[in-house]
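Working through the structure, step by step
Spelled out, the chains give:
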Amino acid sequence: MQEENFFETILKNKRAFAFCFAGVILFAILLQLPFLSVPLERDEGEYAYIARLLLNGGVPYRDAFNQKPPVIFLLYASAFLLFGESIE
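Residues numbered from 1 in each chain as written. Predicted model: local features only at pLDDT ≥ 70, side-chain atom pairs only at ≥ 80, totals over all residues. Heavy atoms only, no water.

Counting secondary structure elements, the protein chain contains four helices and zero strands. Along the protein chain, from the amino end to the carboxyl end, the secondary structure elements read α-α-α-α. For the protein chain, the C-alpha radius of gyration of 19 Å lies well beyond 12 Å, the compact-globule estimate for 88 residues. With the principal axes as the frame, the protein chain shows a C-alpha extent of 65 × 30 × 20 Å. Each of the 88 residues in the protein chain was classed as buried or not, and the buried ones make up 16%. Within the protein chain, residue pairs in contact and separated by at least 24 positions form 42% of the contacts whose partners lie at least 6 positions apart. Of the accessible surface of the protein chain, which amounts to about 7600 Å², a share of 67% is contributed by carbon and sulfur atoms. In the protein chain, the 7 positive side-chain charges and the 10 negative ones have mean positions that sit 6 Å from each other. (Helix = DSSP H or I, 4+ residues; strand = E, 2+ residues; numbered from the N terminus. Rg over C-alpha atoms; globule rule 2.2 N^0.38 Å. Buried < 20%, exposed > 50% of the residue type's maximum accessible area, 1.4 Å probe, protein only. Contact = heavy atoms within 4.5 Å. Areas by Shrake-Rupley, 256 points an atom, 1.4 Å probe, with all protein chains shown as cover. Lys, Arg positive; Asp, Glu negative; His and termini not counted. Charge placed at Lys NZ, Arg CZ, Asp CG, Glu CD.)

On to the nonpolar core, then. Counting ten residues, the largest nonpolar core is built from Tyr-47, Ala-48, Ile-50, Ala-51, Leu-53, Ala-64, Phe-73, Tyr-76, Ala-77 and Phe-80. Within the residue set of this core, elements represented by two or more residues are α3 (42-55) and α4 (71-83). Counting residues per element, this core draws most heavily on α3, at five residues. Not counting chain neighbours up to four residues away, the residues in contact with Phe-80 comprise Ala-48, Ala-51, Arg-52, Leu-55 and Glu-85. (Core = buried A, V, L, I, M, F, W, Y, C linked by side-chain atoms within 4.5 Å.)

On to the environment of Leu-11. Of note, Leu-11 is situated in helix α1 (residues 6-12). On the basis of relative accessible area, Leu-11 is assigned to the exposed category, the value being 63%. In sequence terms Leu-11 and Phe-35 are 24 residues apart; their C-alpha atoms lie 33 Å from each other.

The next subject is the environment of Ile-10. Of note, Ile-10 is situated in helix α1. The sequence separation of Ile-10 and Ile-25 amounts to 15 residues, and the corresponding C-alpha distance is 16 Å. Every residue in contact with Ile-10, bar those within four places of it in the chain, is listed here: Ala-16, Phe-17 and Cys-20.

This is how it looks when you write it as C-alpha cells:
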C-alpha cells in the first residue's frame, strides 16, 4: 500500500483544503495590515488612475495607455466601487 503525502491528503479532504486556503488568505491579509496607510507604488498608481478613468466614463488605451491587459483596471475599478478610493 502506498502512503499518501500531506498535499494529496489535503486535496482529497474538502474541509481541510478550505481550512488551509482560508489560512493562506488570512496570513496574506495580516502581512498587508501594517502597510495600509502607505501610498500606492508606481504600477499600482497607474492601475488606479486608469480605473478611475473607467469609472468616470473614460476608455483605456485611448485616454491613457498602459501595456497591461484591461482586466487589472477592471479589478481596481471594482475595488474602488466596493471599498472607496482612499489609501486605506
